[in-house]
Amino acid sequence: MPAARERLTIRGRLGADSFLPWVMRHAARLGLAGDIRHADAGRVDIDLRGPVDLIDAMEMGCLLGPIDVWVETIDRTPSSSI
Amino acid sequence: MTVRHQPMIDEWYPVALASQLPPGGRATQLMGTPVLVVADDPIRVVTDDGRDLPVTLRYGHVWTSLGQPAKQLFDIPEADQPGRRLIEVGVVRVRCSPLRAVENFLDIAHFPFVHTDILGAEPHTEVGKYDVEIREKEDEVWATKVQFYQPQAAKSATGGITTDYMYRVPAPTSSVLYKTCPARPGEWDVITLFVQPLQEDLCDVWPWMALFDDETATTDLIHFQQMIFLQDRSILENQIPRLLPLDPGREIPTRADLTSVAYRRWLKRHQFTYGAQLVAQ
């Protein structure tokens, strides 16, 4: 499976304290290396490295997110920072 | 009934087949509330304490609401299209969350494993890429450009074909499936799943169809659909957790689950949470 480096830019109502730990936990469950590059109540940037299919799965999981956040959109761009 | 369920209380739900209402009516329940569908002219739906609920008759069914629906029941234009046969399949009781029943209906990936050699077959198990969107104007979930190989896509099919699908969710416990019409290329057969939420983990499923098929006997069409839903029932009744999680929980959704993800996002956005699990377990 080809590996990739991508940035997920997540936008929505992301202010809940649970969100960032949840993001890192979900990335770890998928076996993805990840670093949070930016986080505020409306936007989170996370750089990910791993197989494209698993980054797809990360996007799917984040679209649902934990129950106390609302993810409006996720943009994916190539990243070179990992 | 708690306030947190108010958005779903204000929706329409099927509670009976209008054509098969016995003279004594149908005693049933809706979201845990006992109701009686009364065979008056016009048909009424009343609660135990004598409250008359709003009623609409559409797609062969009696629809009602415990609250005050903000809009009319969703439209299925094909129901009025000349030449279609409108098939009332009846009712299947399933011990599962009403939201689980709809989510299962939206899931194509299970076809080869649950409806083996009918709606799917190995090795044709891959779900290709398709489009999913929440249509803002209609406020509905739509999945389009779905394709899947099926050994016997419909009762009228004589061999395997690649079947085109579209899925639509116009209400929290109703889904409309459009699929390739073997008898009339260029048209879509319409198969619906109308789910009556009895309790958070118990529902009556009322399938209904609008087909172009002048050949197949009605009883055969009904038996075909009932067979499909009975196969689903054994899966649905053993799903864990019983309520539909609105976050990923222990599941790892993938791109093949895109319709399910969009459905759950739409439920979450509208706080349609009767039958949903709100805390990951």
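Note that residues are indexed from 1 along each chain, following the sequence as it is written. Note on labels: chains are lettered from A, ligands numbered from 1, in written order. Given that this is a predicted model, residues contribute local features only at a pLDDT of at least 70 and side-chain atom pairs are listed and counted only at 80 or more, while totals for whole chains, interfaces and linings are drawn from all residues.

Novice: Describe in detail the overall build of chain A, supporting the description with residues and values.
Specialist: Scanning chain A for helices and strands turns up two helices and four strands. Each helix is a run of DSSP H or I of at least 4 residues and each strand a run of E of at least 2, with the numbering of both proceeding from the N terminus. Each helix (α) and strand (β) of chain A, taken in turn from the N terminus, gives the series β-α-β-β-α-β. Two things to know: the radius of gyration comes from C-alpha atoms, and the globule rule equals 2.2 Å times the number of residues to the power 0.38. Taking 82 residues into account, the globule formula puts the C-alpha radius of gyration at 12 Å, and chain A, at 11 Å, falls close to it. With the C-alpha coordinates aligned to their principal axes, the bounding extent of chain A is approximately 35 × 20 × 20 Å. Counts of 20 or more other C-beta atoms within 10 Å of a residue's own C-beta define buried residues, counts of 12 or fewer define exposed ones, and intermediate counts define partly exposed ones; C-beta atoms are placed from the backbone. Across the 82 residues in chain A, those meeting the buried criterion constitute 34%. A residue pair is marked as a contact if its C-beta atoms, positioned from the backbone, fall within 7 Å. Put simply, of all contacts in chain A between residues at least 6 apart along the chain, 67% involve residues at least 24 apart.

Novice: Describe the sheet that holds strand 2 (residues 26–30) of chain B, listing the residues and the values that go with them.
Specialist: Residues and elements named next belong to chain B. Two strands make a pair as long as DSSP finds a minimum of two bridges between them. The sheet built from three strands is open, its strands ordered 2-3-4 with antiparallel pairing. One side of each edge strand has no neighbouring strand; the edge strands of this open sheet are strand 2 and strand 4 (44–47). The mean angle between the axes of side-by-side strands here comes to 35 degrees, regardless of whether they run parallel or antiparallel. Of the strand pairs in this sheet, strand 2 and strand 3 (residues 33–38) are connected by five bridges, and their pairing is antiparallel. Only C-alpha atoms enter the line fits that serve as axes; for helices the fit covers just the stretch in contact. Angles between N-to-C directions range over 0 to 180 degrees.

Novice: Lay out the confidence of the model for chain B with the relevant residues and their values.
Specialist: pLDDT is defined as a per-residue confidence score from the predictor, taking values between 0 and 100. Per-chain confidence: chain B averages 89 in pLDDT, with 95% of residues scoring 70 or above. Both scores are available for the predicted complex, with the pTM at 0.91 and the ipTM at 0.86.

Novice: I'd like to hear about the sheet that holds strand 1 (residues 13–17) of chain B, residue by residue, with values.
Specialist: All names here are of chain B. Taken in spatial order, the three strands of this open sheet run 1-6-5, and their pairing is antiparallel. Only two strands of the sheet have a single neighbouring strand rather than two, namely strand 1 and strand 5 (55–58). Put simply, the sheet's adjacent strands are angled 35 degrees from each other on average, direction ignored. The sheet contact formed by strand 5 and strand 6 (residues 61–64) spans four bridges and is antiparallel. Bridging across to strand 6, Leu57 finds its partner in Val62.

Novice: An account of the interface of chain A and chain B is needed here, citing residue identities and associated values.
Specialist: Listed per partner, the contact involves eleven residues of chain A and 13 residues of chain B. Sorting elements by how many residues they give to the side of chain A that touches chain B places helix 2 (residues 52–64) of chain A first, with six residues. Any residue that is not Ala, Val, Leu, Ile, Met, Phe, Trp, Tyr, Cys, Pro, Asp, Glu, Lys or Arg is counted as polar, Gly included; the first ten are nonpolar and the last four charged. Split by residue class, the side of chain A that touches chain B holds seven nonpolar, three polar and one charged.

Novice: For the environment of His61 of chain B, give the residues involved together with the corresponding values.
Specialist: Residue and element names in this part refer to chain B. With respect to the helices and strands, the residue His61 is situated in strand 6. Sequence-wise, His61 and Phe194 are 133 residues apart; in three dimensions their C-alpha atoms are separated by 9.3 Å. Setting aside its immediate chain neighbours within four residues, His61 contacts Pro14, Ala16, Leu17, Ala18, Phe194, Trp206 and Trp208.

Novice: If you had to explain unusual backbone geometry to someone new, which residues and values would you point to?
Specialist: All names here are of chain B. Residues Asp41 and Pro42 are joined by a peptide bond in cis, for which omega reads 5 degrees. Looking at the secondary structure, you find Pro42 in the loop between strand 3 and strand 4. The omega torsion of the bond from Ile240 to Pro241 falls at -5 degrees, within 30 degrees of zero and hence cis. Take Pro241: it is sitting in the loop between helix 4 (218–236) and strand 15 (244–245). Even without being a glycine, Tyr59 presents a positive backbone phi close to 50 degrees. Secondary-structure assignment places Tyr59 in the loop between strand 5 and strand 6. A positive phi angle, near 60 degrees, is found at Lys145, a position not held by glycine. Within the secondary structure, Lys145 sits in strand 10 (residues 140–150).

Novice: Tell me about helix 5 (residues 258–270) of chain B, residues and numbers included.
Specialist: Counted at 1.5 Å a residue, the expected span for helix 5 of chain B with its 13 residues is 18 Å, and the 18 Å between its end C-alpha atoms agrees. Of the positions making up helix 5 of chain B, those classed as buried are Leu258, Thr259, Ser260, Val261, Ala262, Tyr263, Arg264, Arg265, Leu267 and Lys268 of chain B. Taken together, the buried residues of helix 5 of chain B touch helix 2 of chain A together with helix 2 (98–106), strand 9 (131–135), strand 10, strand 11 (161–171) and strand 16 (276–277) of chain B. A positive phi of about 60 degrees marks Gln271 of chain B, the residue just after helix 5 of chain B. One less than the number of residues in a helix, times 1.5 Å, gives the span that helix is expected to have.

Novice: Break down the environment of Trp70 of chain A for me, citing the residues and quoting the values.
Specialist: Locating Trp70 of chain A in the fold gives a position in strand 4 (residues 70–78). Between the alpha carbons of Trp70 of chain A and Ala33 of chain A there is a distance of 24 Å; along the sequence they are 37 residues apart.

Novice: Account for helix 2 of chain A, with residues named and values stated.
Specialist: Its 13 residues place the ends of helix 2 of chain A 19 Å apart at the C-alpha level, agreeing with the 18 Å of an ideal helix rising 1.5 Å per residue. Burial of helix 2 of chain A is extensive: ten of the 13 residues sit out of reach of the surface. Taken together, the buried positions of helix 2 of chain A are Leu54, Ile55, Ala57, Met58, Glu59, Met60, Gly61, Cys62, Leu63 and Leu64 of chain A. In the core, the buried residues of helix 2 of chain A are packed alongside strand 1 (3–13), helix 1 (19–29), strand 3 (43–51) and strand 4 of chain A together with helix 5 of chain B.

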